[in-house]
Amino acid sequence: MSLIQEIKNYKPFNEQEECDREEMLSYMENNADYLERENRIAHFTSSIWTINRARTKTLMVYHNIYNSWSWVGGHADGVEDLCSVALRELREETGVANAHLLSPDIFSLEILTVDGHIRKGIYVPSHLHMNVTYLAEADENEKLIVNEAENQAVKWWSFEEALKVSAEPWFVERIYKKLIEKLAASNLVG
């Protein structure tokens, strides 16, 4: 199934997702390069909300650019299968290779603002990430690695702690709290 069809089929959880879904679909219909980061206005990214087997913790990285604890994710870079992008990013950024998706379906949608920053010595202007999130489960005892090109640390946090350690208030209020609520509403947590 194409990414545009997956997003069309996605059932939004709240008003934020409904609005963002509508904007994503419009953007995809009007911008052929929506999967490429060379599109400096907006492009697709993929994240993975990774939880432990007890479903009480989430895996986060201390991101170099954002200087904050955050979920794992990355750019599509031309790949339409955003689920594979999310799993690849999880392996590259944390070392977790044995995670499994709790569903192959999209778990969450969000349009994220990215402030201008320096990456590899080059200025990247402010832009939007049209983000698709997947839900995975992993063994919290699996060996973790730090990918120094991307992050400074990798750690499992309780959901409550995850909301406190992020230095990005918008992510905490609009995204991380939503992901925790969606998880609770999904009957995946006892």
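Higher on the page you've got the structure.
Residues numbered from 1 in each chain as written. Predicted model: local features only at pLDDT ≥ 70, side-chain atom pairs only at ≥ 80, totals over all residues. Heavy atoms only, no water.

Moving on, we get to the pairing of strand S2 (residues 57–63). Counting buried positions along S2 yields five of seven residues, so the element is predominantly enclosed. Both S2 and strand S3 (residues 68–70) contribute to a ladder of three bridges, which runs antiparallel. The residue of S3 that forms the bridge with Tyr62 is Trp69. Where S2 folds back onto S3 in an antiparallel hairpin, the turn is made up of four residues, including Asn67, whose phi is positive at roughly 50 degrees. (Buried < 20%, exposed > 50% of the residue type's maximum accessible area, 1.4 Å probe, protein only. Helix = DSSP H or I, 4+ residues; strand = E, 2+ residues; numbered from the N terminus. Pairing = 2+ DSSP bridges.)

So, about the pairing of strand S1 (residues 42–52). For S1, the tally of buried residues reaches 11 of 11 residues, placing the bulk of the element in the interior. Burial of S1 is two-sided: the residues Ala42, Phe44, Ser46, Ile48, Thr50 and Asn52 facing one way and the residues His43, Thr45, Ser47, Trp49 and Ile51 facing the other way are all buried. As paired strands, S1 and strand S9 (residues 127–138) are joined by 11 bridges and run parallel to one another. Considered in S9, the bridge of Ala42 is made with Leu128. Where S1 lies against strand S4 (residues 72–75), four bridges are found, and the strand directions are antiparallel. Within S4, the residue paired with Thr45 across the bridge is His75.

In this section: the nonpolar core. Ranked by internal contacts, the top residues of the largest apolar core, which has 33 residues, are Leu3, Ile7, Phe44, Leu82 and Val132. For this core, the secondary-structure elements that each account for two or more residues are helix H1 (3–9), helix H2 (15–30), S1, S2, helix H3 (82–94), strand S6 (108–114), S9 and strand S10 (151–158). Setting aside chain neighbours within four positions, we find Val132 in contact with Ile7, Phe44, Thr45, Ser46, Ser47, Leu82, Ile106, Ser108 and Leu109. Trp69, Phe159, Phe171 and Ile180 belong to the second-largest nonpolar core, a separate cluster that totals 18 residues. (Core = buried A, V, L, I, M, F, W, Y, C linked by side-chain atoms within 4.5 Å. Contact = heavy atoms within 4.5 Å.)

The geometry of an aromatic ring pair comes down to the distance between the two centres and the angle between the two planes. Per the stated rule, a full pass over the model turns up eight aromatic pairs. With a centroid separation of 5.7 Å and an interplanar angle of 25 degrees, the aromatic rings of Trp49 and Tyr176 are classed as stacked. On the criterion of sequence distance, the pair formed by Trp49 in strand S1 and Tyr176 in helix H5 (residues 169–185) is long-range, its members being 127 residues apart. The class for Trp49 is buried, based on a relative accessible area of 1%. Arranged with centres 5.8 Å apart and planes meeting at 50 degrees, the rings of Phe171 and Tyr176 form a pair that is tilted. Each member of the pair, Phe171 as well as Tyr176, is classed as buried. Ring-pair connections join several aromatic residues into one group, and the members of that group are Trp49, Trp71, Trp170, Phe171 and Tyr176. Over the ring of Trp157 we find Lys155; its NZ or CZ atom is 4.1 Å from the centre of that ring. (Phe/Tyr/Trp six-rings, centres within 6.5 Å; stacked < 30°, edge-to-face > 60°. Lys NZ or Arg CZ within 6 Å of the ring centre and 35° of its normal.)

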